[in-house]
Amino acid sequence: MAVVSIVGKVDKRIVVLPLVRACSIDGRTIVYTDDSNLKNICLGRHDFVSKENLEIRYDLSPEELNQEAMEDGFIKHIFYVYSDYKLQDADVVIVCENYKRNTQSEIGRVCEDTEYGVEKQENVKEIFFSLTPLKKVPNVIVLRPEYYNYLLETEEKKELLILKDKTMNRLLADIMNEKIDMSKDHFLKLLSRKRTQIS
């Protein structure tokens, strides 16, 4: 079982939806979240959504979540998607934030701290959202019109769609590499794989 924590006070759907889609193809996936926008992939706005091997549970109190998911042998992937709550012992923690001018100096301080032995956790990965391309900044997602169109189409069609963006898919596969129980190449294929239709 793989546990992924995605945190940040930004719209994280462009990261979350492709990731949970790929994981739900691999096996039953559950998402705990405080983001009501994630419920829009299904008709209606309920606290519990189940669709395409994926369950989304709207829960404002992640600290009080019970251990049912952990004890359920049929669940393969668990996502915690919150504005503030970060599950420290997750297999991978993805911190999402908007890039600001002072972010570069913060990155520099992190590098300096690393040199002096103050290292961040190995399971923590950062993603920065920006309106323009940035040099020398790792894991940057440049917010393109195609991404907004993808989110709108996902909501309109009420289904998890393939994000046809090789740059984004490679970034997501790199972040998940060796953090969940599959290879980078296999995960990259899942990001662009069509669902098997059962008649």
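Provided above is the structure to which this section pertains.
Everything in this summary refers to the structure shown in the same document. (Residues numbered from 1 in each chain as written. Predicted model: local features only at pLDDT ≥ 70, side-chain atom pairs only at ≥ 80, totals over all residues. Heavy atoms only, no water.)

**Observations regarding the side chain of Lys 12**
Reasoning step 1: Here Lys 12 is to be found in the loop between strand S1 (2-7) and helix H1 (13-26).
Reasoning step 2: The charged side chain of Lys 12 is buried without a salt bridge, its nearest counter-charge being Asp 35 at 5.3 Å.
Reasoning step 3: Not counting chain neighbours up to four residues away, the residues in contact with Lys 12 comprise Ile 6, Val 7, Val 81, Tyr 82, Ser 83 and Cys 96. (Helix = DSSP H or I, 4+ residues; strand = E, 2+ residues; numbered from the N terminus. Buried < 20%, exposed > 50% of the residue type's maximum accessible area, 1.4 Å probe, protein only. Lys, Arg positive; Asp, Glu negative; His and termini not counted. Salt bridge = Lys/Arg side-chain N within 4 Å of Asp/Glu carboxyl O. Contact = heavy atoms within 4.5 Å.)

**Here's the deal with the pairing of strand S6 (residues 92-98)**
Reasoning step 1: In terms of burial, S6 is largely enclosed, as five of its seven residues are buried.
Reasoning step 2: Sheet topology places S1 next to S6; four bridges connect them, and they run parallel. Bridging across to S6, Ser 5 finds its partner in Val 93.
Reasoning step 3: Relative to strand S7 (residues 124-130), S6 runs parallel, the two sharing six bridges. (Pairing = 2+ DSSP bridges.)

**Comments concerning the nonpolar core**
When a protein is soluble and globular, its nonpolar side chains tend to lie buried together.
Reasoning step 1: Ranked by size, the top nonpolar core spans 42 residues in total, and within it Ile 6, Leu 19, Phe 79, Ile 94 and Phe 187 carry the most contacts.
Reasoning step 2: Of all the elements, H1 adds the most residues to this core, at eight residues.
Reasoning step 3: Residues within four places of Phe 79 in sequence aside, it is in contact with Val 4, Ile 6, Leu 19, Val 20, Cys 23, Thr 29, Ile 30, Val 31 and Tyr 32. (Core = buried A, V, L, I, M, F, W, Y, C linked by side-chain atoms within 4.5 Å.)

**Quick notes on the packing of aromatic side chains**
One pair of aromatic rings is described through two measures. These are the centre distance and the angle between the planes.
Reasoning step 1: Counted according to the given criterion, the structure contains four aromatic pairs.
Reasoning step 2: Aromatic side chains Tyr 99 and Phe 128 sit 6.4 Å apart centroid to centroid with 90° between the ring planes, which places their arrangement in the edge-to-face category. Residue Tyr 99 is located in the loop between S6 and helix H3 (103-115), and its partner Phe 128 is located in strand S7; the two are separated by 29 residues in the primary sequence.
Reasoning step 3: Using a relative accessible area of 22% as the deciding quantity, one classes Tyr 99 as partly exposed.
Reasoning step 4: Ring-pair connections join several aromatic residues into one group, and the members of that group are Tyr 32, Tyr 80, Tyr 82 and Tyr 85. (Phe/Tyr/Trp six-rings, centres within 6.5 Å; stacked < 30°, edge-to-face > 60°.)

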